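# Breakdown of the fold
Residue strings, one per chain:
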Amino acid sequence: MSKAGHHSINGELVTAPFGTRNVKAAARATYADYLEKHDSEDVLVITGAPTSTDTFRETLGEELPGAATPYVTSLVVHATDVLNQTDDRVILSDALRRELLHRFLADYEWDTAYLQHASEQPSFIEDVDAVMSTISWQTVTPEATPELRDITGALDAFQEWLAEHDHMERGQLISDALGVLTGDARDEVVDFDAVLVVEFEEFMPLDRAYLDALVGDCELVCIGEENASVRRTWVEPGPITEYVAFTESRREESKPPSSRPAATAAYFAEGTVPTDPETGSVSVLATDSSDEQLAEIANEIEALVAQQDWRYGDIAVATKQSGGTVTDTIEALERTGIPTDSTTVTGFGDDPAIRELLAAVRYLAADDEDEVADHGPDLDAERLACVREMDNLEEGIRWWATDAGLKERIAERASPLDARAQFGNVRRAFRMAGFLEDTQFLDATWESFEEMLERAHEYAPQQNQTSATDLDGGVRVDHLQAIKNESFRAVFLVNLVDSEYPGDPFMTRLFPTERVASMPDYPGATDLDELDVDATFPTTSTASSRPFARYHTEHARRRLAVGAGAADEHLYCCLYEYEDTALEERAQASRFLTDAYDRLPWVTESDDPHITSEQAAEEFLLSRVDEALAAVRRANSQGVTVSLDEVEAELGEIQDLLDKSGARGDELREALRARVEFANGEVRR
């Protein structure tokens with residue numbers, strides 16, 4: 001692909017210097033100009049990601065009087081609306097698409113020997129699915145690598161199979177909607193006079209083609225942020241101006257960062273050391289282990305919301321990647337009683353309601369009672385016999401859930417937040433049963449439903465949603481890219497260790513990284529040279545001679561910049577000193593954080609945390625006993641001296657405290673006794 005002048009768009013490109021405040025200011029100024037010439041309902045605002053729509057709807061809404069709301073959407077959501085108006089095919093949810101792909105690929109014959117051998121591995125379908133999904137969203141056509149051509153052929157066959165049965169996957173949304181916009185039905189779906197695009201720096205080739213077809217003769221202004229692209233630069237190197245030319249362009253005036261978190265973000269993004277803004281704070285929060293890191297974050301969150309004007313919704317906790325790290329963080333915070341929100345969809349893996357539902361489905365799918373697994377909740381055989389008599393899977397499983405009191409048990413045993421998630425998962429399970437009933441090319445049997453539900457439960461997929469999400473005001477827990485251009489009073493960046501930032505670039509489990517790095521047609525930034533690195537990033541964080549390693553090191557640093565840029569008042573850089581392994585290897589602080597600590601005087605170590613929650617108090621109490629026992633063991637093994645009088649006095653103070661704490665003190669005393677016995681090698685229930 002040639003870069004310069006590859007694609008021309010009739011409109012204006014406004015380049016905003018790095019920083020969320022600069023992007024929002026440029027968007028508001030352009031929107032205000034539009035309102036002088038157009039009614040708000042005639043101005044379409046498009047964001048680069050669905051997660052940003054609420055942010056810009058709120059920002060631009062300040063330009064409108066009364067209760068008027070800006071017309072803000074994302075490309076994916078807009079493409080969905082276009083196809084809903086013009087196409088009768090069913091758009092599959094990610095879960096249903098994954099299920100159909102599993103069934104389609106189960107007997108698929110691969111052409112290349114590599115994929116034939118790889119297909120024998122248990123994780124193969126999940127691995128090839130990830131590559132297929134990337135190819136589908138980008139509509140690329142690999143030509144140089146035989147295995148990628150083989151995967152593309154399978155993807156084409158899968159999409160044709162779906163089309164035969166009036167279904168389509170979400171990866172087809174933009175490409176198929178583009179076909180509508182370039183056809184005779186365009187006037188039926190275009191109802192605006194002007195378009196404002198924000199986060200244009202993240203628009204990939206297919207996105208840019210869709211935008212060009214959508215705009216037509218309408219007025220267009222695109223706002224792109226300098227040195228901020230994360231999603232697009234994972235796919236193609238260089239600034240977006242190397243790929244597209246506008247009839248007009250201008251650059252907004254650069255303003256100094258307004259706070260220390262913003263200045264730190266600018267340093268991560270551009271490597272320049274700005275003047276100290278003298279407002280806000282940037283703290284390094286270091287603990288011994290990753291579990292302790294999450295406990296300290298929870299403790300600090302409770303300290304913040306204890307202040308009069310703070311809410312949980314003012315705070316975000318950001319991880320580098322989506323998936324398990326986000327889920328683990330959510331679970332850790334919710335165990336301490338902190339409500340959370342996320343755009344990440346968690347699977348069925350740890351949901352007790354789904355486990356109960358799955359046990360019933362296993363029973364219904366078994367030919368006789370001897371085939372039923374001997375784990376799971378006790379089931380009422382008479383009730384399940386009634387379900388077997390029903391002709392419809394969805395009606396049957398809904399009746400069972402109601403008659404068995406599943407809804408009431410969820411409400412009784414779960415917090416309101418957990419109950420909401422469990423109700424949502426149960427509804428998804430009902431929709432799966434309904435899908436089998438409505439889909440003629442799948443068997444509508446309990447065995448088939450069991451297979452589908454088992455797979456959803458086993459893989460418990462975690463992924464970022466590709467459409468709008470509803471958030472309810474808890475602490476936002478997400479990966480860095482999902483909070484881009486959002487604003488929170490406090491942001492916690494977790495796992496700032498070198499194994500994570502930069503870590504190793506991960507493209508796919510299907511091919512070794514070294515091979516992916518040399519694939520010119522892989523759907524990602526792989527076959528790179530020094531010019532690509534220099535054109536994409538102004539920072540230099542590694543002395544590696546390999547362009548691929550340099551590129552992805554700087555990409556990890558840019559992710560960190562995007563996350564830091566979401567903090568308005570307080571930024572917490574969180575890390576741990578030891579890995580959670582048997583050898584407890586020391587974890588090195590991220591080179592990005594170490595560099596910032598040396599160069600930015602306002603980056604300081606966090607004060608010793610105050611105990612702000614009951615759980616933190618309990619953990620502190622138990623840790624004192626652990627430390628005392630460890631000191632005695634060291635004295636015995638290393639020949640050092642320890643004062644037993646001091647240990648006895650401290651434990652005596654703890655006993656006095658517990659005596660005054662009633663029933664709760666008795667529970668903690670039992671926990672302490674178990675702690676001591678465990679340290680002596682005794683294990684009891």
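Residue numbering note: each chain is counted from 1, following its sequence as written. Thresholds applied to this predicted model are a pLDDT of at least 70 for local features of residues and 80 or more for the giving and counting of side-chain atom pairs; totals over whole chains, interfaces and linings are not thresholded and use all residues. To obtain the side-chain values, all non-hydrogen atoms of the structure were used and water was disregarded.

## Some remarks on the overall build of the protein
Helix and strand counts for the protein stand at 26 helices and 17 strands. Burial classes follow relative accessibility: with a 1.4 Å probe on protein chains only, a residue under 20% of its type's maximum area counts as buried, one over 50% as exposed, and anything between as partly exposed. Relative to its 685 residues, the protein shows a buried fraction of 50%. Whether two residues are in contact is decided by their heavy atoms: any pair within 4.5 Å suffices. For the protein, restricting intrachain contacts to residue pairs at least 6 apart in sequence, the fraction spanning at least 24 positions comes to 76%. Runs of E in the DSSP output that reach at least two residues are strands. Runs of H or I that reach at least four are helices, and both are numbered from the N terminus.

## So, the side chain of Ser 136
With respect to the helices, strands and loops of the structure, Ser 136 is situated in helix 6 (residues 124–138). A relative accessible area of 6% means that Ser 136 is categorised as buried. Any N or O atom pair separated by 3.5 Å or less is treated as a polar contact, with the protein-specific requirement of one donor-capable and one acceptor-capable atom, and with residues adjacent in sequence counted only for side-chain atom pairs. A polar side-chain atom of Ser 136 sits 3.3 Å from a polar atom in the side chain of Gln 159. Looking at Ser 136, its side chain comes within polar contact range of the side chain of Glu 169, at 3.3 Å.

## Comments concerning the sheet that holds strand 7 (residues 219–225)
Read across the sheet, six strands follow the order 3-2-6-7-1-8 without closing on themselves; strand pairing throughout is parallel. If you trace the sheet from one side to the other, it starts and ends with strand 3 (71–74) and strand 8 (244–251), each paired once. Direction aside, neighbouring strands of the sheet carry axes that sit 25° apart on average. Of the strands in this sheet, strand 1 (7–16), strand 2 (43–47), strand 6 (194–198), strand 7 and strand 8 touch helix 1 (residues 20–35), which is tilted by about 170° from strand 7. Against the sheet, helix 3 (residues 75–86) contacts strand 2 and strand 3, and its axis sits at roughly 95° relative to strand 3. Pairing between strands is defined by DSSP: at least two bridges between the two strands are required. To define axes, lines are fitted to C-alpha atoms, for helices over the stretch in contact only, and angles between the resulting N-to-C directions are given on a 0 to 180 degree scale.

## Comments concerning the packing of helix 6 against helix 7 (residues 146–164)
Here helix 6 crosses helix 7 at 75°, and the two axes come no closer than 10 Å. By the angle between their axes, helix 6 is roughly perpendicular relative to helix 7. Contacts between helix 6 and helix 7 pair Val 128, Val 131, Met 132, Ile 135 and Ser 136 from the former with Leu 148, Ile 151, Thr 152, Ala 154, Leu 155 and Gln 159 from the latter. Classification convention: Asp, Glu, Lys, Arg as charged; Ala, Val, Leu, Ile, Met, Phe, Trp, Tyr, Cys, Pro as nonpolar; all other residues, Gly among them, as polar. Considering only residue class, the contact of helix 6 with helix 7 consists of eight nonpolar, three polar and no charged. Angles are sorted into four bins: roughly parallel if under 35 degrees, roughly antiparallel if over 145, roughly perpendicular if 65 to 115, and oblique for all others.

## Quick word on the packing of aromatic side chains
Two aromatic rings, drawn from Phe, Tyr or Trp (for Trp, its six-membered ring), form a pair once their centres lie within 6.5 Å of each other, and the interplanar angle then sorts them: stacked below 30 degrees, edge-to-face above 60, tilted otherwise. Overall, the coordinates contain 13 aromatic pairs when judged by the stated rule. When the ring of Phe 158 is compared with that of Trp 161, the centres are 6.2 Å apart and the planes differ by 35°; the resulting orientation is tilted. One end of the pair is Phe 158 and the other is Trp 161, both in helix 7 and three residues apart, which spans about a single turn. Neither Phe 158 nor Trp 161 differs from the other in exposure class; each is buried. Measuring from centroid to centroid gives 4.2 Å for Phe 492 and Tyr 572, while their planes differ by 5°, and the two rings are stacked. Within this pair, whereas Phe 492 is found in strand 15 (residues 488–493), its partner Tyr 572 is found in strand 16 (residues 567–576), the two being separated by 80 residues in sequence. The same class applies to Phe 492 as to Tyr 572, namely buried. Clustering of aromatic rings is evident, with ring pairs tying together Phe 104, Tyr 108, Trp 110, Phe 124, Phe 158, Trp 161 and Phe 441. Here, over-ring charges are defined by two tests on the NZ atom of lysine or the CZ atom of arginine: distance to the ring centre within 6 Å, and angle to the ring normal within 35 degrees. Here the basic side chain of Lys 320 rests over the ring of Tyr 501, its NZ or CZ set 5.6 Å away from the ring centre.

## Examining the nonpolar core
Put simply, buried Ala, Val, Leu, Ile, Met, Phe, Trp, Tyr and Cys residues joined by side-chain atoms within 4.5 Å make one nonpolar core. Of all hydrophobic cores here, the largest spans 68 residues; its most connected members are Trp 110, Ile 151, Ile 397, Trp 400 and Phe 449. Examining the composition of this core, we find that nine residues originate from one element, helix 14 (residues 352–365), more than from any other. Leu 496, Leu 571, Leu 593 and Trp 602 belong to the second-largest nonpolar core, a separate cluster that totals 37 residues.

## With respect to helix 14
An expected span of 1.5 Å times one less than the residue number is assigned to each helix. Its 14 residues give helix 14 an end-to-end C-alpha distance of 20 Å, which sits within 8% of 20 Å, the value for a rise of 1.5 Å per residue. For helix 14, the tally of buried residues reaches twelve of 14 residues, placing the bulk of the element in the interior.

## Observations concerning the confidence of the model for the protein
Looking at the protein as a whole, the pLDDT averages 84, with 82% of positions reaching at least 70. For every residue, the pLDDT score states the predictor's confidence, bounded by 0 at the bottom and 100 at the top. Overall, residues 461–468 carries pLDDT values under 50, and its contacts beyond four positions in sequence, including any with other chains, amount to 34 contacts.

## Let's talk about the sheet that holds strand 9 (residues 281–287)
Across the sheet, seven strands lie side by side as 11-14-10-15-16-9-17; this open sheet has parallel pairing. Each having just a single partner strand, strand 11 (340–341) and strand 17 (603–605) make up the two edges of the open sheet. When strand 15 meets strand 16, the two strands line up parallel, connected through five bridges. Looking across to strand 16, one finds that Phe 492 is bridged to Tyr 572. Across the sheet, helix 11 (residues 260–270) lies against strand 9, strand 16 and strand 17, angled at about 60° from strand 16, the strand it touches most. Against the sheet, helix 12 (residues 290–305) contacts strand 9, strand 10 (315–319), strand 14 (475–479), strand 15 and strand 16, and its axis sits at roughly 155° relative to strand 16.

## What about unusual backbone geometry?
With an omega of 10°, the peptide bond between Tyr 501 and Pro 502 qualifies as cis. By the element assignment, Pro 502 lies in the loop between strand 15 and helix 20 (513–517).

## Structural notes on the side chain of His 167
Topologically, His 167 is positioned in strand 5 (residues 167–168). The class of His 167 is buried, set by a relative accessible area of 7%. There is a polar contact of 2.7 Å between the side chain of His 167 and the backbone oxygen of His 165. The contact partners of His 167, leaving out residues within four places of it in the chain, are Arg 89, Val 90, Leu 92, Leu 162, Phe 435, Thr 439 and Phe 441.

## A short note on the pattern of salt bridges
By convention in these notes, a salt bridge is any Lys or Arg side-chain nitrogen within 4 Å of a carboxyl oxygen on Asp or Glu. What the rule picks out here adds up to 39 salt bridges. The salt bridge partner of Arg 97 is Glu 169, with a shortest N-O separation of 2.3 Å. A residue pair is termed long-range when its members are at least 10 positions apart, and Arg 97 in helix 4 (residues 94–105) and Glu 169 in the loop between strand 5 and helix 8 (173–181) qualify at 72 residues. Here the two residues Arg 97 and Glu 169 agree in accessibility, since each one is buried. Through salt bridges with shared partners, a single network forms among Asp 309, Arg 311, Asp 314, Arg 489 and Glu 569.

## Some thoughts on the pairing of strand 3
Where strand 2 meets strand 3, four bridges bridge the pair, whose relative direction is parallel. Residue pairing in the sheet places Val 45 in a bridge with Val 72 of strand 3. By definition, the crossover connecting two strands over a helix is right-handed if that path, from the first strand to the second, turns clockwise as seen with the strands pointing away from the viewer. You can see the chain leave strand 2, run along helix 2 (residues 53–61) and come back into strand 3, and the turn it takes is right-handed.

## Some words on helix 1
Helix length check: helix 1 (16 residues) gives 22 Å between terminal C-alpha atoms against 22 Å at 1.5 Å per residue, within 8%. Turning to helix 1, its buried residues number three or more, namely Thr 20, Asn 22, Val 23, Lys 24, Ala 26, Ala 27, Thr 30, Tyr 31 and Tyr 34. Contacts from the buried residues of helix 1 go to strand 1, strand 2, helix 2, strand 6, strand 7 and strand 8.

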